[in-house]
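# Summary of the model geometry
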Amino acid sequence: SLLRAHGLEILTSSPEACHKPYWKSWGFGLDFTCEQIYGALDEIEKFGMGMAMLDDGWFTTYGDWEPNPAEGKFPGGDTDMREFVAQIKKKGFMSSLWWYPQGVEKDSKLFREHPEWLVQNEDGSYPTCPRDLYYLCPQHPEAVEYVVSLVEKFMGDWGYDGIYIDTTGLSAVPPCFNLSHNHTSPLDSFTGQPSMYKAIYETAQRIKPGAPVEMC
């Protein structure tokens, strides 16, 4: 009520889809196999669930977001990932994918090629989130374009129906002193955090209207 009094248009109810139960693969942890997930789907179908979410552990490196080539996962890369999503749908489920959009590992290809996309401290170092990952700056256009391209890959190329955004660094990013970003204030990264989520949401809706975009 306080926020609405300040003019923020906060919904008073949620769409029906928000109340539908779904299953996530986290019960198998990071070491899941695709066969384990297929087997679980046969079981949870009995409970009337209509969506299955592939949780953490599916990728190689934060920032690069390539399919994990480990045995039992996606050794065939994109081809195996497309087949995985196809199998989920073949069993009658919608599909969703776990993701931390701004997280970038120190040994990632992204960091080696585009360190200028990251939030930077005043001394030139890079702040890290609780997972010891760097942050893409939500107010740097090229960083946002990259994040949008990933949504297009996940939902357009691979075929996922929704996105599940997660980890502890989601609410805000530190002040950004990266001179190449031309911020009017270092706090632009902090106050502009929602713009990256808006870009993700709008891209998902453009690809698949009504797509669930969750944040944990």
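Conventions adopted
- Residues numbered from 1 in each chain as written.
- Predicted model: local features only at pLDDT ≥ 70, side-chain atom pairs only at ≥ 80, totals over all residues.
- Heavy atoms only, no water.
- Helix = DSSP H or I, 4+ residues; strand = E, 2+ residues; numbered from the N terminus.
- Rg over C-alpha atoms; globule rule 2.2 N^0.38 Å.
- Buried < 20%, exposed > 50% of the residue type's maximum accessible area, 1.4 Å probe, protein only.
- Contact = heavy atoms within 4.5 Å.
- Lys, Arg positive; Asp, Glu negative; His and termini not counted.
- Charge placed at Lys NZ, Arg CZ, Asp CG, Glu CD.
- Core = buried A, V, L, I, M, F, W, Y, C linked by side-chain atoms within 4.5 Å.
- Patch = residues over 30% accessible without salt bridge, like charges linked within 9 Å, V, L, I, M, F, W, Y side chains within 5 Å.
- Areas by Shrake-Rupley, 256 points an atom, 1.4 Å probe, with all protein chains shown as cover.
- Salt bridge = Lys/Arg side-chain N within 4 Å of Asp/Glu carboxyl O.

### Some words on the overall build of the protein
Along the protein, the regular secondary structure elements total 7 helices and 7 strands. Listed by position from the N terminus, the elements making up the protein come as α-β-α-β-α-β-β-α-β-α-β-α-α-β. Computed over C-alpha atoms, the radius of gyration of the protein comes to 18 Å, within 12% of the 17 Å expected from 2.2 N^0.38 for 216 residues, which places it in the range of a compact globule. Taken over 216 residues, the protein has a buried fraction of 47%. In the protein, 70% of the contacts between residues at least 6 apart in sequence involve partners at least 24 apart. In the protein, which carries 17 positive and 31 negative side-chain charges, the distance between the mean positions of the two groups comes to 6 Å.

### A closer look at the nonpolar core
If you look at the biggest cluster of nonpolar residues, it comprises 60 residues, and the most contacted ones within it are Leu54, Trp58, Trp65, Phe84 and Phe154. It is helix H5 (residues 141-157) that contributes the most residues to this core, 9 residues altogether. Not counting residues within four places of it along the chain, the set of residues in contact with phenylalanine 84 comprises Cys34, Ile37, Tyr38, Leu54, Phe74 and Tyr160.

### Comments concerning unusual backbone geometry
Although it is not a glycine, tryptophan 65 sits at a positive phi angle of roughly 55°. Mapped onto the elements, tryptophan 65 comes out in the loop between strand S2 (51-54) and helix H3 (78-90). What makes tryptophan 65 buried here is its relative accessible area of 0%.

### Topic: a nonpolar patch on the surface
Taken together, Leu3, Leu8 and Ile10 make up a surface patch of nonpolar side chains, about 260 Å² in accessible area. If you trace the backbone, leucine 3 turns up in helix H1 (residues 2-5).

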